[in-house]
Amino acid sequence: MSGSKEEEKVPGRSTSLPMSRVKLIMKSSPDVSHINQDALFLTTKATELFVQHLAQYSFRKGCGGESNALGYSDLAKAAEESEPFHFLTDILPKKILARDYLRSLEERSEDSD
Amino acid sequence: MASSSGNDDDLTIPRAAINKMIKETLPNVRVANDARELVVNCCTEFIHLISSEANEICNKSEKKTISPEHVINALESLGFGSYIAEVKDVLQECKTVALKRRKASSRLENLGIPEEELLRQQQELFAKARQQQAELAQQEWLQMQQAAQQAQLAAASASAAQQAGSSQEEDEEDDV
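What you are looking at is a predicted structure, and each value in this text was computed from that prediction instead of being measured. (Residues numbered from 1 in each chain as written. Chains lettered and ligands numbered in written order. Predicted model: local features only at pLDDT ≥ 70, side-chain atom pairs only at ≥ 80, totals over all residues. Heavy atoms only, no water.)

**As for the overall build of chain A**
Here's step 1: For chain A, the helix and strand inventory stands at six helices and two strands.
Here's step 2: In sequence order, the secondary structure elements of chain A are arranged as α-α-β-α-α-β-α-α.
Here's step 3: Out of the 113 residues belonging to chain A, those deemed buried represent 43%.
Here's step 4: Sequence separation of at least 24 residues holds for 30% of the intrachain contacts in chain A that already meet a minimum separation of 6.
Here's step 5: As presented, chain A carries roughly 6500 Å² of accessible surface, and 48% of it is formed by carbon and sulfur atoms. (Helix = DSSP H or I, 4+ residues; strand = E, 2+ residues; numbered from the N terminus. Buried < 20%, exposed > 50% of the residue type's maximum accessible area, 1.4 Å probe, protein only. Contact = heavy atoms within 4.5 Å. Areas by Shrake-Rupley, 256 points an atom, 1.4 Å probe, with all protein chains shown as cover.)

Next up, the structure:
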């Protein structure tokens, strides 16, 4: 797996996610300039925990209990129900029926009259 | 995957790494492909979230570099305080490992083994390595020789068989 070899430059610093890629993503955030190496390591580890947390939580709370599967709706549900995961609702909108959406649009326009 | 587009927003964690983590976290669970894709994107969002928050904290502290403290405070303020204990532990472990290594190398200097002795040990190791290399090379050479011989034999018997086939049948000697 590419990337894992670079991380072993510092002994004992193996991560499941490639730190080099994490660094690139961090730097693409506006204003972020310099990141301490330990801080980068912490962020990478935190992201790994996030993946595990998101997967486990979504599976438990979702309908996975019956079907032993994890799907889009499980993730979307998790984003809505768990506060720390609220930031994901932009990229994980809960799918709603078209007619419900149209109805809510109507109600909104009525309110603004 | 070539990132020839150069667009920063297309940066994501490699799909394979995420798949592996999901498999380890939820073994025996079927995860839809689009769900996996989503997790990859959620990762990116998370990293942006943490870095922006940590960056803000860093700016307030008037430091130029985001430090581990900033990241930890960011996790706390964003509701991921439960991650802090574990990431701190891992960081501490690494530092201990790094420290041990540094101690070990300085210990070598202070051990009191006289330099001559160290040099002698080093020479010994080199000689050993050279010998191993030589043996290895010789083995390879022998193998090549054997392979070449076998090839010759095979070619010889093939041409002998041809001759025997074209002319009248003669008694063939068993040539081992």
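**Concerning the packing of aromatic side chains**
Here's step 1: Under the defined criterion, the tally for this structure stands at eleven aromatic pairs over all chains.
Here's step 2: For the pair A:Phe50 and A:Phe85, a centre-to-centre distance of 5.8 Å together with 75 degrees between the ring planes defines the contact as edge-to-face. Of this pair, A:Phe50 sits in helix H3 (residues 37-61) while A:Phe85 is found in the loop between helix H5 (72-81) and helix H6 (98-112), placing the two residues 35 residues apart along the sequence.
Here's step 3: A:Phe50 sits in the buried class, given a relative accessible area of 0%.
Here's step 4: Take A:Phe85: its relative accessible area is 0%, and that puts it in the buried class.
Here's step 5: Taken together, a centroid distance of 6.4 Å and an interplanar angle of 45 degrees make the contact between A:Phe87 and B:Phe46 tilted. A residue pair is termed interchain when its members come from two chains, as with A:Phe87 in the loop between H5 and H6 and B:Phe46 in helix H2 (residues 33-60). (Phe/Tyr/Trp six-rings, centres within 6.5 Å; stacked < 30°, edge-to-face > 60°.)

**Topic: the interface of chain B and chain A**
Here's step 1: Every contact between the two is made by 54 residues of chain B and, on the other side, 52 residues of chain A.
Here's step 2: Between chain B and chain A, a total of about 4800 Å² is buried, with carbon and sulfur atoms accounting for 77% of that surface.
Here's step 3: Connecting chain B to chain A are zero salt bridges.
Here's step 4: Applying the counting rule to chain B against chain A returns nine residue pairs in polar contact (both at pLDDT 80 or more).
Here's step 5: Secondary-structure elements contributing two or more residues to the side of chain B that touches chain A are helix H1 (15-25), strand E1 (30-31), H2, strand E2 (65-66), helix H3 (68-77) and helix H4 (81-110) of chain B.
Here's step 6: Broken down by element, the residue count for the side of chain B that touches chain A peaks at 17 residues, all from H2(B).
Here's step 7: Here the residues of the side of chain B that touches chain A sort into 32 nonpolar, twelve polar and ten charged.
Here's step 8: Two strands pair when backbone bridges link them, and strand E1 (residues 34-35) of chain A and E2(B) are joined in this way by two bridges, in the parallel orientation. (Buried area = accessible area lost by both parts, 1.4 Å probe. Salt bridge = Lys/Arg side-chain N within 4 Å of Asp/Glu carboxyl O. Polar contact = N/O pair within 3.5 Å; in protein donor to acceptor, adjacent residues only side chain to side chain. Nonpolar A, V, L, I, M, F, W, Y, C, P; charged D, E, K, R; others polar. Pairing = 2+ DSSP bridges.)

**A look at the side chain of A:Asp74**
Residue and element names in this part refer to chain A.
Here's step 1: You can see Asp74 is positioned in helix H5.
Here's step 2: Buried and unpaired, Asp74 has Lys77 as its nearest opposite-charge partner, separated by 6.5 Å.
Here's step 3: For Asp74, the side chain forms a polar contact with the main-chain nitrogen of Gly71, separated by 2.8 Å. (Lys, Arg positive; Asp, Glu negative; His and termini not counted.)

**Observations concerning the pattern of salt bridges**
As a working rule, side chains carrying opposite charge can pair if their charged atoms are close by.
Residues and elements named next belong to chain B.
Here's step 1: Evaluated as defined, the whole model comprises five salt bridges over all chains.
Here's step 2: In this structure, Arg120 and Glu117 form a salt bridge, with 3.2 Å as the shortest nitrogen-oxygen distance. Linking Arg120 with Glu117, this pair stays in helix H5 (residues 115-166), spanning three residues, or about one helical turn.
Here's step 3: Taking the relative accessible area as the measure of exposure, Arg120 reaches 42% and is therefore partly exposed.
Here's step 4: Here Glu124 makes a salt bridge to Arg120, at a shortest N to O gap of 2.6 Å.

**Things to note about the state of the cysteines**
All names here are of chain B.
Here's step 1: In total, this model carries zero disulfides over all chains according to the counting rule given.
Here's step 2: You can see Cys42 has no disulfide; the closest cysteine sulfur is in Cys43, sitting 7.6 Å from it.
Here's step 3: Judged by its relative accessible area of 0%, Cys42 falls in the buried class. (Disulfide = S-S within 2.5 Å.)

**Side note on the environment of A:Phe85**
Here's step 1: In the structure, A:Phe85 is positioned 35 residues away from A:Phe50 in sequence and 9.7 Å away in space, judged by C-alpha atoms.
Here's step 2: For A:Phe85, the contacting residues outside a window of four places in its chain are A:Phe50, A:His53, A:Leu54, A:Tyr57, A:Ala78, A:Ala79, B:Phe80 and B:Tyr83.

**Side note on the packing of H2(B) against H3(B)**
Axes are the key here: two packed helices are described by the angle between their axes and the distance separating the axes.
Residue and element names in this part refer to chain B.
Here's step 1: Between H2 and H3, the shortest axis-to-axis distance is 8 Å and the interhelical angle comes to 115 degrees. The interaxial crossing formed by H2 with H3 has right-handed handedness. In this structure, H2 uses Phe46, Ile50, Glu53, Ala54, Ile57 and Cys58 to contact H3, whose residues at the interface are His70, Val71, Asn73, Ala74, Leu75 and Ser77.
Here's step 2: Per-class residue counts for the contact of H2 with H3 are eight nonpolar, three polar and one charged. (Axes fitted to C-alpha atoms, helices over the stretch in contact; angles between N-to-C directions. Left-handed = near helix turned anticlockwise from the far one by under 90°.)

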